[in-house]
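Understanding the architecture of this molecule
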Amino acid sequence: MGEDVKTASSGRGGGDVQAGVPPESWMKRVFGFEKGDLSSWERLVRLLNRPTDPAALGVFRFLFGLLMAVDITQERGLSHLDYRYLDGAPVCRFPLFNFLEPLPLDWMYMVYVVMFLGAVGIMIGCFHRVSCLMFISTYWYIFFLDKTAWNNHSYLYGLIGFQLTLMDANRYWSVDGLWNAKKKNAHVPLWNYTIIRTQIFIVYFIAGIKKLDSDWVGGYSMSYLAHHWLFDPFKLILPVETVSLLVVHGGGLILDLSAGYLLFFDATRPVAMVFVSYFHCMNSQLFSIGMFSYTMLATSPIFCYPDWPRRFFGGFPAALRAVLPPTEPAPQSSASCVYAETPPSVAAGTPPSAAATATPPSTAADGQRPPSASRPLKPGRRHKLGTLFTLLYLSEQLFLPYSHFITQGYNNWTNGLYGYSWDMMVHSRTHQHVKITYRDGKTGDTGYLNPGVFTQSRRWKDHGDMLKQYATCLSRNLVHYNISEPQIFFDIWVSINERFQQRIFDPRVDIVTADWSPFRPNPWLMPLLVDLSPWRTKFQEIEGSLDNQTEVVFIADFPGLHLENYVSKDLGNTSVQVLQGQVSVEIVEEKTNYTLLPGDQMKLPAGAYHKVYTVSDQPSCYMYIYVNTTEVALQKNFTKLFELQERIRNGTETEPVPPELQPLVSVAEGKDPGVNVTDPVLRLFLRRQQRMQDVKKHREASLVQRLQRFSLKKYYMLRRGFLMTAIAMRNLMVGLPPLEQLSQEVAYANLKEPEVAPDEPLKEEAGHLEL
């Protein structure tokens, strides 16, 4: 807020000026307003409605609209909309309100068209408020339609769209300004900047407050990030564990806590710009978060002086200024602002040097003073409403991240509906075991469902409200499979922030009939065993003592419950060892039980079921230790094949190559082995080698090649979205074509770019198996 007031007083943002005023106070220089400006309601109204240069707000409006137009085809899902909303498919959905349902597919494309046109309208400033309403009405409908797609930045987009609806963001570099001379280059009230700046400050600062959580400070939330290639320069001088603790977690905490403050003040803003930009550029490579990084980059200049676009673009050649934001003339008066009754230079304490060179903004473009109606001297209703909205909105934004005492039904191991709390990246989860059991309510027959059946999402596993919706949907669908009055039970094992794998929901409760309310604690939520958190240090010691072929899984369970598990035949030397508590292990086929105390270890038979009962009064802790013998054997074969391949390449192989391994000779000679690969191990080896080469080529690509690859990927994504939208609009206007024609059109839209290897660590085809 302060920079706007200072700008207005220095002649950059506009206000009548004169020389010979007393020097500014310390508070005025630092914050941009005097303490007295907050002493009464009327003075606060005047402060928040002071005339301010519209340039920075107009540029931000353009960038936000542009990024949202791109986002609609990507993260909002226009390019794959038909996969999400197949008409008539028995798909379980997770809306915020159960009565919300998607429209027929072609009409969903229409919703996206309206949203896209709204984003473009925001970008160019055409019918600004109508465009904002088009965007936010369809955006929030899509947002509320699917909780599984919620995240903090999607919520932020909707908030900014709502803010722009009430702002005068079309007063600069807009089509509306070309049509309406009163709107062109007109002042905007200071609260327009105050709201957007404070919103971004809240995003940073509350995210930093949430990172004061012990898991983040201890380095457990995002420890895997330290292995990413972006942190390789740090790993040249620091071990990975230190990079994770100091750079990933420590650096993220400090930046979030300080970014909003550093961006606000003139002296620290240049440094903040560098670190914030570097931070968001890294995030764009670390996470698949669509336009969020670029949107946050677009918000940084909003903290600068509001006239920065005039000074920045004023340095460009005159030939380019026709398509760039205008630099002249100075802003004209606006009825949205409140002007000082005394000369602004005196009221605001304008420095004499600025007063001597400033252009009176009260002079219109034609040199004539505008009518007094466009230059209010006293606050009116609209000014008071703008001030009241600012105070209420910012109070609500400060309250919501800590409102979880109201929405208690959404409080699982993390609080509230994920997506409005700014707890970004504070929690990481891994799932070891998910079992869905159904029971016929009449016959008592039981069976098992494939986790994720009838849904495209995986986020239901961590949220009680979604689990309730999923169970209700499953019960409706199972009726069509001759299962009467279905009962659904979930046994879901989750590890959060590298803790023990433990149950998140009570597996004995029929979720179909279970009680759930957004305003009461979830009765079938199992508590997070935070008392066992110190074991994480011991986990690292245990894992460090194992060889590369041995895997370990840490389990914690509640008294009176048991884990039923199956040891695959691929897993040799599998054993269970008790760390705390007392368990009874039952080998199902042998019908024998073994009691284990802390420190006891027992080998488990492969290819057989077993059950682990917790018989102690306190939760039990134990670990599975196993070796994937199939993978170990495969790696040995790969090593032999690689050595043979190298001998063939350098001509040192003296023995004749067996016929089934002849494709290695073809590869060594640079030929395609084609369909001659009959040995399955050799086929897997060659595929792995090709994948490694593709990944290496992908990572070593030049900047031009990376840009070309990026452009192709985006082109085909946009192409599909556009073509499928055109098909839907045609269907709405003239009806469906013959099925053969429709199939051909969709096939043409599905044309994809050539396959490229992902820029990620190589994953073995024989990956680690779940216990």
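Here the structure is a predicted model, which is why all the values come from computation and not from measurement. Sequence positions are assigned chain by chain, starting from 1 and proceeding in written order. Totals for whole chains, interfaces and linings use all residues, but because this is a predicted model, local features are given only for residues with pLDDT of at least 70 and pairs of side-chain atoms are given and counted only at 80 or more. Excluding hydrogens and water, the side-chain figures rest on all heavy atoms present in the structure.

1. Quick notes on the side chain of histidine 128
Rules: Helix and strand labels come from DSSP, where a helix needs a run of H or I of at least four residues and a strand needs a run of E of at least two; each type is numbered from the N terminus. Between buried and exposed lies partly exposed: a residue is buried under 20% and exposed over 50% of the maximum accessible area for its type, with that area taken using a 1.4 Å probe on protein chains only. Should any heavy atoms of two residues lie within 4.5 Å, those residues are considered in contact.
Its location among the elements puts histidine 128 in helix α7 (residues 128-145). Owing to a relative accessible area of 2%, histidine 128 belongs among the buried residues under this scheme. Not counting residues within four places of it along the chain, the set of residues in contact with histidine 128 comprises Arg61, Leu164, Met167, Ala169, Asn170 and Asp176.

2. Details of the packing of aromatic side chains
Each aromatic ring pair is summarised here by two numbers: the centre-to-centre distance and the angle between the ring planes. Where we set the bar: The criterion for an aromatic pair is that two Phe, Tyr or Trp rings (for Trp, the six-membered ring) have centres within 6.5 Å, with stacked assigned to planes under 30 degrees apart, edge-to-face to planes over 60 apart and tilted to the rest. Charge over a ring is defined by NZ of Lys or CZ of Arg lying within 6 Å of the ring centre and within 35 degrees of the ring normal.
Applying the stated rule across the entire model yields 50 aromatic pairs. Plain terms: the ring middles of tryptophan 140 and phenylalanine 144 are 5.5 Å apart, the flat faces sit at 35° to each other, and that makes the pair tilted. With tryptophan 140 and phenylalanine 144 both in helix α7 and 4 residues apart, the pair spans about one turn of that helix. Arranged with centres 4.6 Å apart and planes meeting at 10°, the rings of phenylalanine 143 and tryptophan 150 form a pair that is stacked. Tryptophan 150 matches phenylalanine 143 in its accessibility class, with the two residues each being buried. Directly above the aromatic system of tyrosine 402 lies the positively charged group of lysine 210, at a separation of 5.3 Å from the ring centroid. In this arrangement the basic side chain of arginine 719 is found over the ring face of tyrosine 748, its NZ or CZ atom lying 4.5 Å from the centre.

3. Section: the side chain of aspartate 53
Heads up, the rule is: Any pair of nitrogen or oxygen atoms within 3.5 Å is treated as a polar contact; in protein, a donor-acceptor pairing is required on top of that, and neighbouring residues in sequence qualify only through side-chain atoms on both sides.
Looking at the element boundaries, aspartate 53 is found in the loop between β1 (51-52) and α4 (55-73). A distance of 2.9 Å separates the side chain of aspartate 53 from the backbone nitrogen of alanine 55, its partner in a polar contact.

4. Quick notes on the UniProt feature "transmembrane region" (unreviewed entry) in the protein chain
The following threshold applies: UniProt positions are given in the numbering used here, feature names are shortened, and annotations may be inferred rather than shown by experiment.
Cross-referencing UniProt, the feature "transmembrane region" (unreviewed entry) maps to residues 107-127, 190-209 and 243-264 in the present numbering. Along residues 190-209 the backbone is 100% helical and 0% strand, and the end-to-end C-alpha distance reaches 28 Å. With 100% helix and 0% strand, residues 243-264 has end C-alpha atoms that lie 29 Å from one another.

5. Considerations on the packing of α4 against helix α10 (residues 190-210)
Let me state the cut-off plainly: Here the axes come from fitting lines to C-alpha atoms, over the contacting stretch only for helices, and the angles between their N-to-C directions go from 0 to 180 degrees. Here roughly perpendicular refers to angles of 65 to 115 degrees, roughly parallel to angles under 35, roughly antiparallel to angles over 145, and oblique to all remaining angles. Crossings are assigned a handedness: left-handed for a near helix turned anticlockwise from the far helix by less than a right angle, right-handed for a clockwise turn.
Between α4 and α10, the least distance of the axes is 10 Å, while the angle of their chain directions is 50°. It follows from the interaxial angle that α4 and α10 lie oblique. You can see that α4 and α10 cross each other, and the crossing is left-handed. Residue-level contacts link Ala55, Ala56, Leu57 and Phe60 of α4 to Asn192, Tyr193 and Ile196 of α10.

6. Quick look at helix α21 (residues 535-545)
Applicable threshold: Arc definition: it is the arc formed by the directions from the helix axis to the C-beta atoms.
Buried within α21 we find Trp535, Arg536, Phe539 and Ile542. The arc that holds the buried residues of α21, viewed along the axis, is 110°, so those residues lie on one side. In α21, the exposed positions angled more than 90 degrees off the buried face are occupied by Gly544 and Ser545. At its buried positions, α21 is contacted by α11 (214-217), β7 (550-557), β9 (571-580) and β14 (620-628).

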